[in-house]
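# Structural characterization, general
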There are 2 protein chains.
Amino acid sequence: MALVTPRTLSGFKDRLPKEALAKTHLLNKVSNVFMNFGFVPIETPHLEYADVLVKQGSDEIQKELYRFKDHGERDVALRFDLTVPLARFVSQYKNEVDLPFKRFAIGSVFRGERAQRGRYREFTQCDFDFIGSNSISCDAEILQVIYASLVGLGIDEFTIWLNHRGILNGICEYCGIIEEKDINTALRIIDKLDKIQIEGVRAELHKELQLDSTRIEQLLKYTSIKQQGDSESFFESIAYMADFNESIKKGLDDLKALHKVLSSLQMDRDTYRINFSIARGLGYYTGIVYETTLNALKSIGSVCSGGRYDNLTRTFSKDKMSGVGASIGIDRLLAALEELGLLTKKATSARALIVCMDSTYFGYAHLLAESFRQSKVPIEVYPEISKLKKQFAYANTKGHEFVIVIGESEFSSKTLTLKNMTSGMQIERISFLKALTLIREDREEEIRI
Amino acid sequence: MALVTPRTLSGFKDRLPKEALAKTHLLNKVSNVFMNFGFVPIETPHLEYADVLVKQGSDEIQKELYRFKDHGERDVALRFDLTVPLARFVSQYKNEVDLPFKRFAIGSVFRGERAQRGRYREFTQCDFDFIGSNSISCDAEILQVIYASLVGLGIDEFTIWLNHRGILNGICEYCGIIEEKDINTALRIIDKLDKIQIEGVRAELHKELQLDSTRIEQLLKYTSIKQQGDSESFFESIAYMADFNESIKKGLDDLKALHKVLSSLQMDRDTYRINFSIARGLGYYTGIVYETTLNALKSIGSVCSGGRYDNLTRTFSKDKMSGVGASIGIDRLLAALEELGLLTKKATSARALIVCMDSTYFGYAHLLAESFRQSKVPIEVYPEISKLKKQFAYANTKGHEFVIVIGESEFSSKTLTLKNMTSGMQIERISFLKALTLIREDREEEIRI
């Protein structure tokens, strides 16, 4: 029988233990934060009727859809995000799901994009949404979840950039850009500032929207406003803009109401700032929107973005359903945590490895391991009898903090020999309880994720 | 624009919050057990080259494969289990993965089976395997993981039924059944005992293998042997079988070595028993095999099965790679836990709900919520100002244990009113710390999953 070459599809990725373990810890941490705020998981299939998915997606996403005929000749496709399935879900179970409804979902989505560095055709999305209420309390809660997630991961220097879609619309309107498609064009061009520089933006605005230079400068002036100091003085400094039009007034009122709730909290006020250049998924959002950058790693872009939307379920129902939600960029965050040194990449989940000099000691080794686990020390037993050198090399490669050796004298005296793999210190023939104390004491610094 | 009917594909399933939350808790518990034993997660794509998947699957699985051409006209398919991707993984990364290698994987797999009750075309598999060592220490550890998982889920009455593929082969050989395909036929027929009764088994053995009645009775006698009392007397009672042939002798030696390790542990000896009728995935396993039944719910079948195999990577490599592993039947276990009353099905992850009588109290409400969360009490703030009746109904439906009411007097005195939703008792205008104490005290019984 001819052998098959083991290989993955182009654009698809395996995660080896170090990376998978780090991702597991990260997802556990953020899931716990979600659940602390009363967000519940839901689960929808990876495969859906194609017509459920295609209506809401952009043309680009439709081209990238993994779409095929199933065994029953149904037109099916792999989901390309978690938002369309959520919309389908709340429309389908509107009688079972009590509003307001807070859900999170973590799962794989699929897009047949052109393969490029750092972009995968299957990737993990991590979304949380608060649906069925347009109270500012929901917006405030989503921001608290972002804050608690990042703080929980050990990141202390980050900025949540806030804006409001109404303010962007109002600025455009004030500058004579009225049609929705023109507004979207203008915002798309402004969003390219980093790529094409200010001169490029000016040129494109002129070319695509026939704006004169006065309006271009107005547009650039207002969309470049950023909060520098505290929010009170910022709101004062731009109070005059409320008179431009209703849309800006409504946007500012919402942002003020949000600040009123947030400023009651212990949550650090320096972590959120208003920035009128933040646009986010142009067509979709209708209220407050946000992006989150890490102060020490701004270049990687937003690690968590979201905002308020007006009509989640428009593909499925004439009833409006509004909500607010955000998405954590798992891959980006993992890369950032690694770069910031906040990720301990180990190939084992066990702190210690027990090695035996003879197979007759396996029973005793497993009994010790059982006792360590009952005392919350993750531990494993090396299953082979081999040279100590090989076993220590295994522990070194995988990242065990301790190796416990069971030889004849340890076995007969019901003791163990403990080696600290970091310090190299070895203590011979000590009791289980003594070893437990030493292993526990070693964890002086906070455990990293 | 015409609306799309929100619907799921036949054979695919959504999980609403109650069910998804219970499943999340279950998977968290078992993942923690895996990691306590040093098993690490790996991640492989849902989509693979079709030839990677089809070689190893049975004909039936090939028919059920979700297979299609991707954007690059590659022949691709959705994975139908987690074992073939594991085989591909360890073959592909044989230089990166240090053996012995312990991995777990939890994920969706896809089979286009005929739709039937309780069987889904996408379902969750939960596998853990110990690869690259044939030491009995590995077999012992896999069994300990099964034990720790079930005990951790609150199940105290279960039986792990042990057998050895060598014993089954040896019994067949002793009864004159020598060819591998005949052995598989015989074991497949014996496995149908529950369905076609003893007379049916006799008839089929005669018809398909032309066995005479003496050999049929021999075969039935030896494969029906089950351990009743302790293992020492059981091994004594069947010691004579070691003389039948080498295959039985080797099987018994392995089982004895396993018992020697397991009997050193605190692990309850009544939970594992030898049963010569356990066959498991005929072609695949080569050593010790097991199934796990719940004593109070035998009818639902095995909730965790596995065993030792000899050549995981035969599709990809000429090098042999043996291992031992098991699979937890997540859906079956969830159903069992529910039937046993060990599952608290709630639609919220929060213990308490804060409701405000006026939107000006939202800041205070969120500050309280922030403090509760810092004290490890999951809590949410009801985002709307509405009638108390509606807010209490929300808490009742979702399953909050407490409702905290913030009215004018609570707001001005920086207190809160706490209602216990189980007892109905309400205490007015108490401090945060008093409320925290009451909420903590209420959790007298162990938290169920």
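Reading the values: the criteria
- Residues numbered from 1 in each chain as written.
- Chains lettered and ligands numbered in written order.
- Predicted model: local features only at pLDDT ≥ 70, side-chain atom pairs only at ≥ 80, totals over all residues.
- Heavy atoms only, no water.
- Helix = DSSP H or I, 4+ residues; strand = E, 2+ residues; numbered from the N terminus.
- Buried < 20%, exposed > 50% of the residue type's maximum accessible area, 1.4 Å probe, protein only.
- Contact = heavy atoms within 4.5 Å.
- Areas by Shrake-Rupley, 256 points an atom, 1.4 Å probe, with all protein chains shown as cover.
- Least-squares fit on C-alpha atoms with pLDDT ≥ 70 in both.
- Disulfide = S-S within 2.5 Å.
- Pairing = 2+ DSSP bridges.
- Axes fitted to C-alpha atoms, helices over the stretch in contact; angles between N-to-C directions.
- 1 Å grid on protein atoms, 1.4 Å probe; cavity = no way out; pocket = protein on both sides within 12 Å on 5 of 7 lines; lining within 4 Å.
- Points joined across faces, edges and corners; volume = space filled by probe spheres on them.
- Nonpolar A, V, L, I, M, F, W, Y, C, P; charged D, E, K, R; others polar.
- Buried area = accessible area lost by both parts, 1.4 Å probe.
- Salt bridge = Lys/Arg side-chain N within 4 Å of Asp/Glu carboxyl O.
- Domains from an automatic or database assignment.
- Lys, Arg positive; Asp, Glu negative; His and termini not counted.
- Arc of directions from axis to C-beta.
- UniProt positions renumbered as here; feature names shortened; annotations may be inferred.
- Polar contact = N/O pair within 3.5 Å; in protein donor to acceptor, adjacent residues only side chain to side chain.
- Patch = residues over 30% accessible without salt bridge, like charges linked within 9 Å, V, L, I, M, F, W, Y side chains within 5 Å.
- Charge placed at Lys NZ, Arg CZ, Asp CG, Glu CD.
- Expected span 1.5 Å × (residues − 1).
- Bend = angle between axes of the 7 residues up to and from the residue.
- Parallel < 35°, antiparallel > 145°, perpendicular 65-115°, else oblique.
- Left-handed = near helix turned anticlockwise from the far one by under 90°.

## Some thoughts on the overall build of chain A
A count of helices and strands for chain A gives 16 helices and 16 strands. Principal-axis analysis of the C-alpha atoms gives chain A an extent of 90 × 60 × 50 Å. Expressed as a percentage of the 449 residues in chain A, the buried residues total 58%. If you take every contact in chain A between residues at least 6 apart in sequence, the share linking residues at least 24 apart comes to 66%. Of the roughly 19,100 Å² of accessible surface on chain A, 48% is carried by carbon and sulfur atoms.

## Notes on the environment of Leu78(B)
Looking at the element boundaries, Leu78(B) is found in strand β4 (residues 75-78). Classification of Leu78(B) by relative accessible area gives buried; the value is 0%. In the structure, Leu78(B) is positioned 28 residues away from Ala50(B) in sequence and 8.1 Å away in space, judged by C-alpha atoms. Beyond its immediate chain neighbours, meaning those up to four positions away, Leu78(B) contacts Leu47(A), Leu78(A), His46(B), Leu47(B), Leu53(B), Leu65(B), Tyr66(B) and Phe110(B).

## Notes on the relation of the copies chain B and chain A
Superposing chain B onto chain A requires a rotation of 180° together with a translation of 0.0 Å along the rotation axis, leaving an RMSD of 0.1 Å. Both copies are brought into coincidence by an operation consistent with a two-fold rotation axis. Across chain B, the smallest distance between a C-alpha and the rotation axis is recorded for Phe68(B), namely 3.2 Å. Taken together, the interface assignments show that 100% of the residues at the interface of chain B recur at the interface of chain A, consistent with an identical surface on both copies.

## Structural notes on unusual backbone geometry
Residues and elements named next belong to chain A. Cis peptide bonds are those with omega within 30 degrees of zero, and the linkage from Leu99 to Pro100 qualifies with -5°. Within the secondary structure, Pro100 sits in the loop between α4 (83-92) and β5 (101-110). One non-glycine residue with positive phi stands out, namely Arg429, at about 45°. Relative to the elements of secondary structure, Arg429 occurs in strand β16 (residues 426-430).

## Structural notes on the state of the cysteines
Under the counting rule described, the total for this entry stands at zero disulfides over all chains. Between Cys138(B), a free cysteine, and Cys356(A), which holds the nearest cysteine sulfur, the sulfur-to-sulfur gap is 12 Å. Since its relative accessible area comes to 0%, Cys138(B) is described here as buried. A disulfide-free cysteine, Cys172(B) has its sulfur positioned 6.8 Å from the sulfur of Cys175(B), the nearest such atom.

## Notes on the sheet that holds strand β2 (residues 47-49) of chain A
Residue and element names in this part refer to chain A. Taken together, the three strands give an open sheet; going across it, the order is β2-β4-β3, and neighbouring strands pair in antiparallel fashion. If you trace the sheet from one side to the other, it starts and ends with β2 and β3 (67-69), each paired once. Going from strand to strand, the sheet's axes swing by 35° on average, the running direction of each strand aside. Sheet analysis places β3 next to strand β4 (residues 75-78), joined by three bridges and oriented antiparallel.

## Section: empty space enclosed by the protein
For the structure shown, the criterion picks out three cavities of 30 Å³ or more. The space that makes up the largest cavity amounts to roughly 40 Å³. Around the largest cavity, the lining residues are Gly38(A), Val40(A), Lys102(A), Ala347(B), Thr348(B), Glu380(B), Tyr394(B) and Lys398(B). For the lining of the largest cavity, the class distribution of residues is three nonpolar, two polar and three charged.

## Let's talk about the interface of chain B and chain A
The interface is formed by 112 residues belonging to chain B together with 112 residues belonging to chain A. Summing the contributions of chain B and of chain A, the shared interface buries around 9,300 Å²; its carbon and sulfur component is 58%. There are ten salt bridges connecting chain B and chain A. Here Glu380(B) ties to Lys102(A) by a salt bridge, and the two come within 2.9 Å at their closest N and O atoms.

## Re the pairing of β4(A)
Relative to β4(A), β2(A) is paired through three bridges, and the arrangement is antiparallel. Considered in β4(A), the bridge of Leu47(A) is made with Leu78(A).

## Thoughts on the domain arrangement of chain A
Partitioning chain A into domains gives domain 1 (17-340) and domain 2 (352-442). Of note, the centres of domain 1 of chain A and domain 2 of chain A, computed from C-alpha atoms alone, are 49 Å apart.

## What to know about the side chain of Glu370(B)
Here Glu370(B) is to be found in helix α13 (residues 362-374). No salt bridge is formed by the buried Glu370(B). Its closest oppositely charged neighbour is Arg373(B), at 7.1 Å. Apart from the residues lying within four places of it in its own chain, the contact partners of Glu370(B) are Leu265(A), Gln266(A) and Met267(A).

## Points about the pattern of salt bridges
Taken as a whole and assessed by the stated rule, the structure comprises 52 salt bridges over all chains. Where Arg7(A) meets Asp51(B), a salt bridge forms, and the shortest distance between an N and an O atom there is 3.2 Å. Taken as a pair, Arg7(A) in the segment before α1 (17-36) and Asp51(B) in helix α2 (residues 50-54) lie in two separate chains rather than in one. Of the charged contacts, one joins Asp254(B) and Lys250(B) as a salt bridge, the two residues approaching to 2.7 Å between their closest N and O atoms. Of this pair, Asp254(B) and Lys250(B) are both found in helix α11 (residues 246-262), four residues apart, which corresponds to roughly one turn of the helix. Lys250(B) sits in the partly exposed class, given a relative accessible area of 46%. One salt-bridge network, in which partners are shared between bridges, spans Lys13(A), Arg15(A), Glu19(A), Lys23(A), Asp331(A) and Glu43(B).

## Here's the deal with helix α12 (residues 330-339) of chain A
Residue and element names in this part refer to chain A. Residues of α12 that are buried include every one of Ile330, Leu333, Leu334, Ala336 and Leu337, and no others. Down the axis of α12, the sector holding all buried residues measures 165°, keeping them to one side. Among the structural elements, α1, β6 (122-131), α5 (136-152), β9 (285-294) and β11 (323-328) are those in contact with the buried residues of α12.

## Details of the sheet that holds strand β1 (residues 40-41) of chain A
All names here are of chain A. Pairing is mixed in the open sheet, where eight strands are placed in the order β1-β5-β6-β11-β10-β9-β7-β8. Edge positions in the sheet fall to β1 and β8 (272-274), since each has one partner strand and no second. Each of β5 and β6 touches α4; the most contacted strand, β6, lies at about 40° to it. Sheet strands in contact with α12 are β6, β9 and β11, and its direction is about 110° off that of β6.

## Re the UniProt feature "binding site: L-histidine" (unreviewed entry) in chain A
All names here are of chain A. Feature annotation in UniProt places "binding site: L-histidine" (unreviewed entry) on Asp81, Leu82, Thr83, Arg111, Gln125, Asp129, Arg280, Tyr284 and Tyr285, given in this structure's numbering. Within the element layout of this structure, Asp129 appears in strand β6. With near-sequence residues (within four places) excluded, Asp129 lies in contact with Phe39, Leu86, Phe101, Lys102, Arg103, Tyr309, Val324 and Gly325. One polar contact links Asp129 to Arg103, side chain to side chain, over a distance of 2.9 Å.

## Here's the deal with a negative patch on the surface
Taken together, Asp156(A), Glu157(A), Asp268(A) and Asp270(A) make up a surface patch of like negative charges. By secondary structure assignment, the location of Asp156(A) is in the loop between α5 and β7 (158-164).

## Describing helix α8 (residues 193-209) of chain B
All names here are of chain B. When the terminal C-alpha atoms of α8 are compared, their 17 Å separation across 17 residues is substantially less than the 24 Å that a helix rising 1.5 Å per residue should span. The largest bend along α8 measures about 75° and falls at Glu199. Taken together, the buried positions of α8 are Gly200, Val201, Leu205 and Leu209. Phi for Gln210, located one or two positions after α8, is positive at around 55°.

## Some points on the packing of helix α6 (residues 165-174) of chain A against helix α9 (residues 213-223) of chain A
All names here are of chain A. With their axes 9 Å apart at the nearest point, α6 and α9 run at an angle of 160° to one another. Regarding the angle of α6 to α9, the classification is roughly antiparallel. Here α6 and α9 pass one another in a crossing that is right-handed. Seen from α6, the contacting residues are Leu168, Ile171, Cys172 and Tyr174; seen from α9, they are Gln218, Leu219, Tyr222 and Thr223. In the contact of α6 with α9, the residues fall into six nonpolar, two polar and no charged.

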